[in-house]
Each structure stands twice: as structure tokens, then as C-alpha cells.
Amino acid sequence: MMSLHALLKGWVYKLWYPMRGLRFSAGPNFRVHGSLTVRGPGTVTFGRDVTIGMHVTPYTHHRDAIIRVGDHCFLNGTRFGCQQHIEIGRDCIIGDARIMDTNFHSTRADRWRDDAPVVTRPVHVASNVWIGAQSGILPGSEIGENSVVGFGAVCSGLFPADVVIAGNPAVVLRLIEPA
């Protein structure tokens, strides 16, 4: 049964953030059981039937930044840091993980210089992916459809569909057997 309280909180967020000038939207049946803090000049879009648990923080750091979460996703304490583009497919379960499309700071020795390069590359999480708690999805990562990212994994790079991913650095452990 859908929680009326969570639906009402969802409606409040859907009204409150745009009234404050933030570019936030969510589809029908947006439910918030925890809390949601949207910050930054970019666009945050949640699809239909998205559910928020714990404290979720989609932060954008550039006017052209886009965070898009597909239909029927559950975000449970997820933190986003977006300079360019983060795309989450439909039917995903994302725990208390960090998803970032930028390093925010240069990794070179001259990182304190204003012109030091900072890595920024889009992140794409395909449909029906489960990302466990304490995981990190780093710039340029792509997680394939139906995959599972284990607790504490640090993903950097391309991962295929239908696999279990774990470790730091993250590696494919095994295939997921079909239902």
C-alpha cells in the first residue's frame, strides 16, 4: 500500500524546489520516506514512481549539468555530484552510494593551479541495476543492465550487463543467471 504521508512529502518537494528557482521535477507517484536536498544550478529529473528513502542529495555543479533518474527507482541515501551528466535507468535500486561524474579536483601535482585539469565524464547506469551501500560510481563509469554492484565497490570504467561487480577497484565477479 502506498504511504499517503510519503506521497504528500513528494508533492511538497515537487512544489517547493521549483518555487525556489531550482530546476527539479518528478513524475507521478513520487514518494519521499526520508528527505531530499536538491542543490545547484543544473537540472534534476526523476521519473514516475520514484521512491526516496533516507537522505538523498542530488547536487549539480554547473548550469548544464543533468541528473536523470528513470521510472520506478528506489534511492536510499544516494549522493550525486554532477558537473555534466548522470543517467540512471528505470527499475534501479541504489543504496547509500556516491555517484559522481567529476573528480572535483585535479589529480595532478599542480592541483592548486586554476588551470589544472579536472576529469569530468558522464555516468550511465542502465536499467534494473542494484548498487549496494558505500559504493562509488566514478566519472565515465557505465554499469550494464541487470547488474549488481556489491557493498563498497569502487567502479571506474565500463561494466557489462548481467554481472555481479565488487571490490576496490571493482571487477566482475560472475555472471548473473537468468530467471
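> Is there a simple way to explain the side chain of T60 in this structure?
Following the sequence through the fold, T60 ends up in strand β6 (residues 55-60). Judged by its relative accessible area of 3%, T60 falls in the buried class. Among the polar contacts made by the side chain of T60, one reaches the main-chain amide nitrogen of G42 at a distance of 2.7 Å. Excluding residues that lie within four positions of it along the chain, T60 makes contacts with R39, G40, P41, G42, T43, V44, A65, I67 and C82.

> What should I look at first to understand the nonpolar core in this one?
Side chains of nonpolar character tend, in soluble globular proteins, to be buried together. Judged by nonpolar contacts, the single largest core of 40 residues is most densely connected at F30, F46 and I88. Of all elements in the fold, only α1 (4-19), β1 (23-26), β4 (43-46), β7 (66-69), β9 (79-82), β10 (85-88), β13 (123-125) and β20 (163-166) reach the threshold of two or more residues within this core. Once you skip the residues sitting within four places of it in the chain, F46 turns out to touch F24, S25, A26, G27, F30, L36, I52, P58, V69 and L75.

> Would you explain the sheet that holds strand β3 (residues 35-36) in this entry?
The pairing of strands in a sheet comes from backbone hydrogen bonds and takes either a parallel or an antiparallel form. Pairing in this open sheet of six strands is parallel, and the strands run β3-β6-β9-β12-β15-β18 from one edge to the other. Since the sheet does not close on itself, it has two edges, and those belong to β3 and β18 (154-155), each with one partner. Alignment of strand β12 (residues 98-100) against strand β15 (residues 136-137), held across two bridges, turns out to be parallel. Bridge assignment links R98 to a residue of β15, and that residue is G136.

> I tried to follow a nonpolar patch on the surface on my own but got confused; where do I start?
Together, W11, V12, L15, W16 and M19 line one region of the surface with nonpolar side chains, adding up to about 600 Å² of accessible area. Looking at where W11 falls in the secondary structure, it is placed in helix α1.

> Teacher, can you tell me more about α1 here?
Residues separated by three or four positions in an α-helix point in the same direction, a consequence of the helix having 3.6 residues per turn. The terminal C-alpha atoms of α1 lie 23 Å apart, and with 16 residues this matches the ideal 22 Å at 1.5 Å per residue to within 8%. Against the buried residues of α1 lie β1, β2 (31-32) and β3. In the stretch just after α1, G21 is the one whose phi turns positive, near 90°.

Thresholds applied
- Residues numbered from 1 in each chain as written.
- Predicted model: local features only at pLDDT ≥ 70, side-chain atom pairs only at ≥ 80, totals over all residues.
- Heavy atoms only, no water.
- Helix = DSSP H or I, 4+ residues; strand = E, 2+ residues; numbered from the N terminus.
- Buried < 20%, exposed > 50% of the residue type's maximum accessible area, 1.4 Å probe, protein only.
- Polar contact = N/O pair within 3.5 Å; in protein donor to acceptor, adjacent residues only side chain to side chain.
- Contact = heavy atoms within 4.5 Å.
- Core = buried A, V, L, I, M, F, W, Y, C linked by side-chain atoms within 4.5 Å.
- Pairing = 2+ DSSP bridges.
- Patch = residues over 30% accessible without salt bridge, like charges linked within 9 Å, V, L, I, M, F, W, Y side chains within 5 Å.
- Areas by Shrake-Rupley, 256 points an atom, 1.4 Å probe, with all protein chains shown as cover.
- Salt bridge = Lys/Arg side-chain N within 4 Å of Asp/Glu carboxyl O.
- Expected span 1.5 Å × (residues − 1).

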